[in-house]
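Secondary and tertiary structure notes
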Amino acid sequence: MCEHHLLPFMGHAHVAYIPRGKVVGLSKLARIVEAFARRPQLQERLTLQIAEMLMTNLDAKGVGVIIEATHTCMTIRGVKKPGAVMVTSAMLGIFRSNLATRTEAVNLLTGGNR
Ligand SMILES: [Zn+2]
C-alpha cells in the first residue's frame, strides 16, 4: 500500500543473499517481505527495510533486494500510465562492495524466468 495515496502497489520482490553458514528457509524470506509490505509504504523504503532486516537476521555476507511494482496511484490517478513499472533495489554487504557479485545477482534476479 502506497503511503501517499493509500492505494495498493503490486509486483515482485526478488531476494538474494549469500549466507555466512546459516541458511534460512524460503518461507521465512517470504514472511519477512510480507510483513513489511503489509504496512503503508514507500517502495524505496520497503526495499531497504527488507534488505536490512535480512542482513541483520541472517548475519549474511550480502543481501540484494529488487522490487518491481506497478502502482495503482499511477494508473488510476492523474498521470495515468498503465503498465508503468517502478524498479527499486537495495544492495548490502558483498553485493555492494563486489561489482562481480552484484552483477551476477542482478542478472539472476531480473533475468528471463520468473
Ligand atoms: Zn502513490
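Anything mentioned here points back to the structure above.
The structure reproduced in this document is the subject of the present report. (Residues numbered from 1 in each chain as written. Predicted model: local features only at pLDDT ≥ 70, side-chain atom pairs only at ≥ 80, totals over all residues. Heavy atoms only, no water.)

Taken together, Cys2 (SG), His5 (ND1) and Cys73 (SG) make up the protein donors of the zinc ion, found 1.9 to 2.2 Å from the metal. In primary sequence terms, the donor set of the zinc ion follows C-x2-H-x67-C. Take Cys2: its relative accessible area is 5%, and that puts it in the buried class. Note on His5: relative accessible area 31%, which makes it partly exposed. (Donors = N, O, S within 2.8 Å, 3.2 Å for Na, K, Ca; no water. Buried < 20%, exposed > 50% of the residue type's maximum accessible area, 1.4 Å probe, protein only.)

Before going further, it helps to spend a moment on the pattern of salt bridges. Inspection of the entire model under this criterion finds three salt bridges. A salt bridge links Arg45 to Glu3, with the nearest nitrogen and oxygen atoms 3.1 Å apart. Residue Arg45 is found in helix α2 (residues 43-58), and its partner Glu3 is found in the segment before β1 (9-18); the two are separated by 42 residues along the sequence. Classification of Glu3 as partly exposed rests on a relative accessible area of 31%. As a salt-bridge pair, Arg20 and Asp59 come within 3.4 Å of each other at their nearest N and O atoms. Linking Arg20 in the loop between β1 and α1 (26-37) with Asp59 in the loop between α2 and β2 (62-71), this pair joins segments that are 39 residues apart in sequence. (Salt bridge = Lys/Arg side-chain N within 4 Å of Asp/Glu carboxyl O. Helix = DSSP H or I, 4+ residues; strand = E, 2+ residues; numbered from the N terminus.)

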